[in-house]
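Working through the structure, step by step
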Amino acid sequence: QVQLVESGGGLVQPGGSLRLSCVASGTTFLIYVMGWYRQAPGKQRELVAYINNGGSAKYTDSVKGRFTISRDNANHTVYLQMNNLKSEDTAVYYCNAGVSNYGDDHDFWGQGTQVTVSS
């Protein structure tokens, strides 16, 4: 129903910035929430941020004040602006979409994009 394609990852030095993009296609009108997760080596996947259809956003404590999630509804795209990056932000970042159709709920995932913060 929904396909998600991420881009924008790469290698940056501590204190640098990156902007991740996630473009949704398919039955995008069924999406009620989108978010970003990340998984570092040897650790569980964790929620970074999410944003619902009303524009309300939530962040995990470790990224508050540094990361900003936003949406471009016309282009079915969600962004994650990452500023003042730290070594502990190194992970594979995954885009996620929550879809609901008359009570039939599903999650969809992107392929992931690598973010490496290193000097």
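Described in the following lines is the structure provided in the data block. Predicted model, so just to flag it, every value in this text is computed and none were measured.

By size, the foremost hydrophobic cluster in this structure holds 29 residues, and its most contacted members are Leu4, Met34, Trp36, Leu80, Met82 and Tyr93. Apart from the residues within four sequence positions on either side, Met82 is in contact with Gly16, Ser17, Leu18, Leu20, Arg66, Phe67, Tyr93 and Val115.

Before going further, it helps to spend a moment on the environment of Leu85. Tracing the backbone through its elements, the reader meets Leu85 in the loop between β8 (77–82) and β9 (91–101). Exposure remark for Leu85: the relative accessible area of 1% places this residue in the buried category. Spatially, the C-alpha atom of Leu85 lies 5.5 Å from that of Gly16, the residues being 69 residues apart in sequence. Apart from the residues lying within four places of it in its own chain, the contact partners of Leu85 are Val12, Pro14, Gly15, Gly16, Ser17, Leu18, Arg66, Phe67 and Val117.

Here Ser17 lies in the loop between β2 (10–12) and β3 (18–26). Since its relative accessible area comes to 40%, Ser17 is described here as partly exposed. Remark: the alpha-carbon pair of Ser17 and Tyr32, spanning 15 residues in sequence, is separated by 28 Å. Not counting the four nearest positions on each side in its chain, Ser17 is found in contact with Val12, Gln81, Met82, Asn83, Asn84 and Leu85. Of the polar contacts made by the side chain of Ser17, one reaches the side chain of Asn83; its length is 2.9 Å.

What counts and what doesn't
- Residues numbered from 1 in each chain as written.
- Predicted model: local features only at pLDDT ≥ 70, side-chain atom pairs only at ≥ 80, totals over all residues.
- Heavy atoms only, no water.
- Core = buried A, V, L, I, M, F, W, Y, C linked by side-chain atoms within 4.5 Å.
- Buried < 20%, exposed > 50% of the residue type's maximum accessible area, 1.4 Å probe, protein only.
- Contact = heavy atoms within 4.5 Å.
- Helix = DSSP H or I, 4+ residues; strand = E, 2+ residues; numbered from the N terminus.
- Polar contact = N/O pair within 3.5 Å; in protein donor to acceptor, adjacent residues only side chain to side chain.

No statement about biological role is implied by the geometric values presented.
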